[in-house]
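# Reading the structure
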Amino acid sequence: LMQHTLKAPFTLEGKGLHTGLHLSISFLPAPANYGYKIQRMDLEGQPFILPLAENVFDTSRGTVVGTPECRVSTIEHAMAALVALGVDNCLMQVNGPEFPILDGSSILYVEQIQKVGLENQGVPRNYLEINEPFEYYDEISGSCLRVQPADRFAVDSTIEFPDSQFVQRQSATLEHMSDFPEEIASARTFVFVREIEALLNMGLIKGGDLSNALVIYERLVPQERLDKLADTLGVEHRDANHLGYLQERPVKWSNEPARHKLLDIIGDMALIGRPLKGRIIAIRPGHDANNKFARMVRAKFKHLFS
């Protein structure tokens, strides 16, 4: 297969999940063998960032990539769309420290890529082919990512939250990237109500609300406390006695959280720097484990990246 880029540029706007800033991001065609680059248009000199696994600085609530002086966060949903739709070369120009969260999924990126279309660049795609299985395992979190040989990129993802009554164990599979737009792209990021206060205290999710995430309420809290949280997020008050999902739009699939975690894996694997031919089997994935696995892959095949 040949490398592809966008036929035309496109721009999306929206607020940042963590900063709450109004952000604009443009995706531009790029020449063959360019790969992916991110440019901070709001900083002096408009510096470039290479979205590679070893350039990731933080993975606490999303993937943050860059240098100590220049970073950009929440890149994984856009990266997943580029990888899944076969965009090999692209320049992303953003006017702030993170990509807009949009609706918490990849679907708006996907729709714009489909709208402008792809251009065949007539240069062979440089795949990274897996010849033997290997894995990353974290004893503390129980996260495990294993890759095995395959003739294409495929992902199996299983999430486990033993203390959760709504997301205790879910699985999702993507056999063909061509199914990404219909089966995975609309799966939204999710958060538990019990996590929100801590995230707010950390100065995060300033742009979070019920329009860009699945919010899972599964442990009763006093009505006054839930009302205060609702006021902070700028959403209507809910009955504290009713557990369940609190988002504006209904859950699209019963395993939507597992599908979103699969989406995140695809986005984080973009930071390997080459499209993968292999099947990833993930148990309890997360951005930290995804990044450590991507670093492992790059180290194992470092002769291909020199």
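The structure we're discussing is the one just above.
Procedures and definitions
Residues numbered from 1 in each chain as written. Predicted model: local features only at pLDDT ≥ 70, side-chain atom pairs only at ≥ 80, totals over all residues. Heavy atoms only, no water. Pairing = 2+ DSSP bridges. Helix = DSSP H or I, 4+ residues; strand = E, 2+ residues; numbered from the N terminus. Contact = heavy atoms within 4.5 Å. Axes fitted to C-alpha atoms, helices over the stretch in contact; angles between N-to-C directions. 1 Å grid on protein atoms, 1.4 Å probe; cavity = no way out; pocket = protein on both sides within 12 Å on 5 of 7 lines; lining within 4 Å. Points joined across faces, edges and corners; volume = space filled by probe spheres on them. Nonpolar A, V, L, I, M, F, W, Y, C, P; charged D, E, K, R; others polar.

Sheets are built from strands paired through backbone hydrogen bonds, the pairs being either parallel or antiparallel. Reading across the sheet, the five strands line up as β2-β3-β9-β4-β5 and stay open at both edges, with mixed pairing between neighbours. Strands at the two margins of the open sheet, each flanked by one partner only, are β2 (10–15) and β5 (48–49). Both strand β3 (residues 22–29) and strand β9 (residues 90–94) contribute to a ladder of five bridges, which runs antiparallel. In the sheet register, I25 faces β9, and the bridge partner there is V94. Its contacts with the sheet place helix α2 (residues 107–116) against β2 and β3, and it is angled at close to 165° to β2.

Okay, empty space enclosed by the protein next. Overall, the coordinates contain two cavities of 30 Å³ or more when judged by the stated rule. Of the voids in this model, the largest cavity is the one considered here, and its volume is about 110 Å³. Elements with a minimum of two residues in the lining of the largest cavity: α4 (193–201) and α5 (223–233). Take the lining of the largest cavity: its biggest share by element is four residues, from α5. Per-class residue counts for the lining of the largest cavity are 10 nonpolar, one polar and two charged. Taken as a whole, the second largest cavity spans an internal volume of roughly 30 Å³. Around the second largest cavity sit T74, H77, A78, F99, P100, I101, S105 and Y109, which together line it.

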